[in-house]
Amino acid sequence: MERSLVLVKPDGVQRGLIGEVISRLERRGLRLVAARFVQVSQELAETHYAIHKGKPFYDGLIKYITSAPVMAMAWEGPNAIAAIRQTMGATRPTEAAPGSIRHDYALEVGRNLTHASDSGENGAKEVALWFKAEELVNWGRDVDRWIFEG
Ligand code: IDP
Ligand code: MG
């Protein structure tokens, strides 16, 4: 079972796409673990995007993610990392697969609506950065056995 941080970034929130993102992840069969609507601080933004520090788009990225509230969530499931990144689509919306969120709703890489963790290890790290342990809900659904093979 993998976990991923998912953010509906400020553009997604402003455009009323929180429900669309949640709906697509639910429909995929993923299980929600935690959710928090939050105005991102400069400090959290810099820690979250530390790997991109020094890149030409870094300052714009920090400005973007702190510009308005985001919907932060943790989702889990088998192959959650690959499944969620596929549902989001490639980083550049014009390279995102048809039917993915970034393909269907976005045009520019700097306004690409969502964040999803890129590995199981980073998923665990990012979920721990954005949520306290007591905010993570351990639960099961009756339908899990029809979605999760194991
Ligand atoms: P990801 O969100 O698909 O994992 P990353 O390469 O980790 O993509 O980049 C993080 C975020 O930084 C992207 O989602 C996008 O918002 C922004 N970004 C990445 N590359 C560029 C760029 O060339 N110009 C502007 N923003 C960028
Ligand atoms: Mg990334």
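Everything quoted here is computed from the prediction, not taken from an experiment. Residue positions are given per chain, counted from 1 along the sequence in the order it is written. Going through the entries in the order they are written, you letter the chains from A and number the ligands from 1. Selection of residues for local features in this predicted model requires a pLDDT of at least 70, selection of side-chain atom pairs for listing and counting requires 80 or more, and totals for whole chains, interfaces and linings are taken over all residues. Computation of side-chain values: all heavy atoms of the structure, hydrogens and water removed.

Got a minute to help me understand the packing of aromatic side chains in this structure?
A pair of aromatic rings is counted whenever rings of Phe, Tyr or Trp (Trp by its six-membered ring) have centres within 6.5 Å, and the orientation is called stacked for planes under 30 degrees apart, edge-to-face for over 60 and tilted otherwise. All told, the structure shown has zero aromatic pairs when counted by the stated rule. If you follow arginine 36 out to its NZ or CZ, it ends over the ring of phenylalanine 131, 5.7 Å from the centre. Lysine and arginine charges are scored as sitting over a ring when NZ or CZ, respectively, is within 6 Å of the ring centre and within 35 degrees of the ring normal.

Can you walk me through the sheet that holds strand E1 (residues 2-8) in this structure?
Neighbouring strands of a sheet are bound in pairs by backbone hydrogen bonds; such pairs are parallel or else antiparallel. Ordered by their spatial adjacency, four strands build an open sheet running E2-E3-E1-E4, and the pairing between neighbours is antiparallel. Each edge of the sheet is formed by a strand with only one pairing partner; in this case those strands are strand E2 (31-38) and strand E4 (114-116). Recorded for the sheet is a direction-independent mean angle of 15 degrees between the axes of neighbouring strands. For two strands to pair, DSSP has to find at least two bridges joining them. Under the DSSP-based scheme used, a helix requires at least four consecutive residues in state H or I and a strand at least two consecutive residues in state E, with every element numbered from the N terminus. Pairing geometry for E1 and E4, over three bridges, is antiparallel. When the bridges of E4 are listed, valine 6 appears paired with alanine 116. Sheet strands touched by helix H7 (residues 120-130): E1, E2, strand E3 (70-77) and E4. Its angle to E1, the strand with the most contacts, is close to 55 degrees. Axis definition: a line fit to C-alpha positions, over the contact stretch in the case of helices; interaxial angles, taken between N-to-C directions, run 0 to 180 degrees. Any two residues whose heavy atoms approach within 4.5 Å at even a single point are treated as in contact.

Even after reading the chapter, I still don't get the site of ligand 1, so can you show me in this structure?
Residue proximity to a molecule or strand is established when one non-hydrogen atom of the residue lies within 4 Å of it. In the vicinity of ligand 1, 13 residues are found, and the nearest of them are Lys9, His52, Thr91, Arg102 and Asn112. Arginine 92 is positioned with one of its side-chain polar atoms (N or O) 3.1 Å from an oxygen atom of ligand 1. Here a polar contact means two N or O atoms within 3.5 Å. Within protein one must be a hydrogen donor candidate and the other an acceptor candidate, and residues neighboring in sequence count only if both atoms are side-chain atoms. Residue arginine 102 places a side-chain N or O atom 3.1 Å away from an oxygen atom belonging to ligand 1. Areas reported here follow the Shrake-Rupley algorithm with a probe of radius 1.4 Å; residue values treat only the protein chains shown as occluding. Surface burial for ligand 1 is 78%, taken as the share of its 530 Å² of free accessible area covered by protein chains. The residue makeup of the shell around ligand 1, split by class, is five nonpolar, four polar and four charged. Basically, the charged four are Asp, Glu, Lys and Arg, the nonpolar ten are Ala, Val, Leu, Ile, Met, Phe, Trp, Tyr, Cys and Pro, and anything else, Gly included, counts as polar.

Fair warning: the whole summary comes from geometry, so function is off the table for now.
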